Amino acid sequence: MIRFRTWIRIVCLTGVAVAAFALGGFANQKADDESNFATQTIDLGMVVSDLDKSLKFYKEVIGFTEVSGFKVPPQFAVDSGLANKHELDVHVLVLGEGATATKLKLMQFKSAPPGARVDNAFIHSSYGYRYLTIAVKNLNAAVERAGKAGSKPIAKCPVPLPEGFPAGLALANYRDPDGNLVELVGTWK
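Residues numbered from 1 in each chain as written. Predicted model: local features only at pLDDT ≥ 70, side-chain atom pairs only at ≥ 80, totals over all residues. Heavy atoms only, no water.

Novice: Would you explain the sheet that holds strand 7 (residues 169–175) in this entry?
Specialist: Within a sheet, adjacent strands bond to each other through the backbone by hydrogen bonds, running parallel or antiparallel. One open sheet accounts for four strands, arranged 5-8-7-6; its pairing is mixed. Each edge of the open sheet is held by one strand with a lone partner, namely strand 5 (131–138) and strand 6 (159–160). The sheet contact formed by strand 7 and strand 8 (residues 181–187) spans seven bridges and is antiparallel. Within strand 8, the residue paired with Arg175 across the bridge is Leu181. Sitting on the sheet, helix 2 (residues 51–62) touches strand 5, strand 7 and strand 8, and the angle it makes with strand 8 is about 10°. Contacts between helix 4 (residues 139–148) and the sheet are confined to strand 5, strand 7 and strand 8, with strand 5 contributing the most and set at about 115° to the helix. (Pairing = 2+ DSSP bridges. Helix = DSSP H or I, 4+ residues; strand = E, 2+ residues; numbered from the N terminus. Contact = heavy atoms within 4.5 Å. Axes fitted to C-alpha atoms, helices over the stretch in contact; angles between N-to-C directions.)

Have a look at this one:
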């Protein structure tokens, strides 16, 4: 059973953006003693229209691993301003292990009216968080994995990063089942 203090931390982190990304690799992540932040990673909470399709996409196409999720009682969701009388059944996906692992928290509200869809045609089509950037060691392997899972990159991807970025890096963009953009960046041969 998760303690109340942990619930507060989980709920406060839900809905915040993506993991820290350093071009060319991830920095050794640990909290700065002079900072008020407990970790340098952030979690992202995402409401999806079809939980099964989204779990399949993020696990099979992108490579996340599912770990134990959690439930948030309806009254707590109301009191914290997260949901209107709906229990949150949160499925947690991670990249990495331990306290610094990036967490993507997926949830679906089957008993609520359908959520409004945003225009996902381009990143400038709507305000708000527009895409996830996930750093991979080998973009060729990531694209191959995605293809085996039945997903194809959009536009002309993979494309090399433009001048001014480290040579040898490229990105490949994919759309999840709800049309959200997921950007994979890594070494491309």
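Novice: What is the right way to read the sheet that holds strand 2 (residues 65–72) from this model?
Specialist: Taken together, four strands build an open sheet; the order of strands is 1-4-3-2 and the sheet is mixed. The outermost strands of the open sheet, each flanked by one partner alone, are strand 1 (44–47) and strand 2. Mean inter-strand twist for the sheet, computed between neighbouring axes without regard to direction, equals 25°. Pairing analysis gives five bridges linking strand 3 (residues 88–95) to strand 4 (residues 102–107), with the strands arranged antiparallel. From the neighbouring strand, Leu95 faces strand 4, where its bridge partner is Thr102.

Novice: What's the story with the packing of aromatic side chains in this structure? I'm lost.
Specialist: Two aromatic rings are characterised by how far apart their centres lie and by the angle between their planes. Inspection of the entire model under this criterion finds two aromatic pairs. Consider the rings of Phe57 and Tyr58, whose centres lie 4.9 Å apart with planes at 90°: the pair is edge-to-face. For the pair Phe57 and Tyr58, one class covers both residues: buried. With a centroid separation of 6.0 Å and an interplanar angle of 80°, the aromatic rings of Tyr58 and Phe64 are classed as edge-to-face. (Phe/Tyr/Trp six-rings, centres within 6.5 Å; stacked < 30°, edge-to-face > 60°. Buried < 20%, exposed > 50% of the residue type's maximum accessible area, 1.4 Å probe, protein only.)

Novice: I'm lost on the pattern of salt bridges in this one. Help?
Specialist: Under the criterion given, the structure shown has six salt bridges. One salt bridge connects Asp43 with Lys105, and the closest N-O pair in it is separated by 3.2 Å. Here Lys105 lies in strand 4 and Asp43 lies in the loop between helix 1 (4–13) and strand 1, a separation of 62 residues in the sequence. For the residue pair Asp43 and Lys105, the accessibility class agrees, reading buried in each case. For Arg117, the salt bridge identified is with Asp178, shortest N-O distance 3.3 Å. Taken together, the residues span a long stretch of sequence, with Arg117 in the loop between strand 4 and strand 5 and Asp178 in the loop between strand 7 and strand 8 at a distance of 61 residues. Bridged by salt links that share partners, the residues Lys71, Glu87 and Asp89 form one connected network. (Salt bridge = Lys/Arg side-chain N within 4 Å of Asp/Glu carboxyl O.)

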